[in-house]
Amino acid sequence: MKNKIGVLVMSYGTPENMEGIESYYTHIRRGNKPTEEQLKELTDRYEAIVGGVFPLRENTDRQVRTLQDTLNVDPRSADLEFVCYQGLKHAAPYIEDGVEQMVQDGIKEAFGIVLAPHYSTMSVGSYVKRAQAKADELGLQISFVESYHMHPKLIEAFADRVSAKLNQFEEAGADRDSVRVLFSAHSLPERILSVGDPYQEQLLETSKAVAERAGVKKWQFTWQSAGRTAEPWLGPDILDTLQTLNKEEQVEDVLVAPVGFVSDHLEVLYDLDIEAKSIAKEMDMRLERIDSLNSDPLYMEALSDSVITLIGL
Ligand SMILES: CC1=C(CCC(=O)O)c2cc3nc(cc4[nH]c(cc5[nH]c(cc1n2)c(C)c5CCC(=O)O)c(CCC(=O)O)c4C)C(CCC(=O)O)=C3C
Ligand SMILES: [Fe+2]
């Protein structure tokens, strides 16, 4: 019999349906129910992207299934059988549920990876902490891939998508080299910088590598999706960046590459496709976005290879 290895695949989590939004939001707010106004605002955003049907969860399910298949066809893992478990930060199955399920299934050796390439204490760090605590409690041996933001296959997957969209700009008559490429990621509170968090640096490294590989002439990095709290968040925000580009540089064509996200979810489908697009339209700018990686084979191989490398096979 092959030795079974558990892989905990973690991500932020998304509600399962419209009715699930309130409890999901309450969990994000550490048990505090959102006000009616806050709930309506979030519900409206989900409504705008999915019209009541949630494709987002299926998307994650598919990523986890595909990663398991990718791990198991790797020749380096011929003596092993990988079993992937989902662990979500703010929805069931929670991170702790995933760890518990592994133990129930008799897994003795486990690894964890997050569906987000860049390390931050507030994102990946918090997922890892929760998984480690549960594993310690249950006596399970587990170690983690903390980031894979420079994995060559990740860079290649993003660069392919950037090139594909630049080709489309060209076909539509634009000058490829005059398209401004905006790399973006989820903003975090500014205070992460004072604790030496690598998030920003890793994002810049990914952006630079993707730009080089795709032969991008003009690019810059900008934040998106900042929280609506009193404390300062990292900026500039993409909406401000678009205005600056329009006013100060008369940029007409913009391609957004949200390299901090790997799948189609709210930040991409709403914050970029609806909100940023409408601001751009008001200014007569053309804004396009690269396709999300989702279950892209190169992305799956980047994840799979990161796990297999961590194991030391
Ligand atoms: C760094 C980061 C990532 C990327 C890395 C990673 O993927 O881990 C990410 C991803 C995601 N964030 C998501 C959703 C939300 N995040 C919120 C709020 C917050 N996000 C934060 C950070 C991040 N979030 C933070 C610091 C907050 C403030 C509250 C808190 O400290 O937690 C809120 C509350 C309302 C609002 O502020 O909009 C929602 C609804 C969804 C799923 C969307 C869907 O269903 O498609 C995804 C993939
Ligand atoms: Fe978030």
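What counts and how
Residues numbered from 1 in each chain as written. Chains lettered and ligands numbered in written order. Predicted model: local features only at pLDDT ≥ 70, side-chain atom pairs only at ≥ 80, totals over all residues. Heavy atoms only, no water. Near = heavy atom within 4 Å. Polar contact = N/O pair within 3.5 Å; in protein donor to acceptor, adjacent residues only side chain to side chain. Helix = DSSP H or I, 4+ residues; strand = E, 2+ residues; numbered from the N terminus. Nonpolar A, V, L, I, M, F, W, Y, C, P; charged D, E, K, R; others polar. Domains from an automatic or database assignment. Core = buried A, V, L, I, M, F, W, Y, C linked by side-chain atoms within 4.5 Å. Buried < 20%, exposed > 50% of the residue type's maximum accessible area, 1.4 Å probe, protein only. Contact = heavy atoms within 4.5 Å. Axes fitted to C-alpha atoms, helices over the stretch in contact; angles between N-to-C directions. Left-handed = near helix turned anticlockwise from the far one by under 90°. UniProt positions renumbered as here; feature names shortened; annotations may be inferred. Pairing = 2+ DSSP bridges.

(A) Broad picture of the site of ligand 1. Ligand 1 sits among 22 residues. The nearest are T14, Y46, Y127, H265 and E267. A distance of 2.4 Å separates an oxygen atom of ligand 1 from a polar side-chain atom of Y127. Separating a nitrogen atom of ligand 1 from a side-chain N or O atom of E267 is a distance of 2.8 Å. Contributing elements (two or more residues each) for the shell around ligand 1: α1 (21-28), α2 (36-50) and α9 (266-282). Residues belonging to the shell around ligand 1 are distributed by class as follows: 15 nonpolar, 4 polar and 3 charged. In terms of domain composition, the shell around ligand 1 takes at least three residues from each of domain 1 (3-148 + 296-311) and domain 2 (152-289).

(B) Spotlight on the nonpolar core. Formed by 52 residues in total, the largest nonpolar core has its most connected members in V162 and Y299. It is helix α6 (residues 152-171) that provides the largest number of residues to this core, a total of 8 residues. Each of domain 1 (3-148 + 296-311) and domain 2 (152-289) contributes no fewer than three residues to this core. Contacts of Y299, omitting those with residues within four sequence positions, involve Q63, L115, A116, Y148, L154, A157, V262, L293 and N294. With 19 residues, the next largest nonpolar core counts I95, M102, A131 and L140 among its residues.

(C) Spotlight on the packing of helix α4 (residues 95-104) against helix α5 (residues 124-138). Across the interface, α4 lies against α5 with an axial gap of 9 Å and an inter-helix angle of 35 degrees. In this structure, α4 crosses over α5, and the sense of that crossing is right-handed. Side by side, α4 and α5 meet where I95, E96, V99, E100 and V103 of the first sit next to Y127, R130, A131, K134, A135 and L138 of the second. Class assignment of the residues belonging to the contact of α4 with α5 gives a composition of 7 nonpolar, no polar and 4 charged.

(D) Main features of the UniProt feature "binding site: Fe-coproporphyrin III" (unreviewed entry) in the protein. Mapped onto the present numbering, the UniProt feature "binding site: Fe-coproporphyrin III" (unreviewed entry) falls at Y12, R29, R45, Y46 and Y127. Their sequence span is 116 residues, while the largest C-alpha to C-alpha distance among them is 25.3 Å; these annotated residues do not converge on one region. When you line up the elements, R45 lands in helix α2. Apart from the residues within four sequence positions on either side, R45 is in contact with R228, L266, Y270 and D271. Structurally, Y46 can be placed in helix α2. For Y46, a relative accessible area of 3% puts it in the buried group. The residues touching Y46, leaving out its near neighbours within four places in the chain, are T14, P15, M18, I21, Y24, G51, F54, L56 and L266.

(E) Structural view of the sheet that holds strand β5 (residues 180-186). Sheet architecture is open: 4 strands sit in the order β6-β5-β7-β8, paired in parallel fashion. At either margin of the open sheet sits one strand with a lone partner, and together these are β6 (219-224) and β8 (286-289). Each strand axis lies, on average, 30 degrees off the axis of its neighbour in the sheet, ignoring direction. As defined by bridge partners, β5 adjoins strand β7 (residues 253-257) across 4 bridges and the pair is classed as parallel. Directly across from V181, in β7, lies its bridge partner L255. The sheet strands contacting α6 are β5, β7 and β8, and the helix crosses β7 at an angle near 165 degrees.

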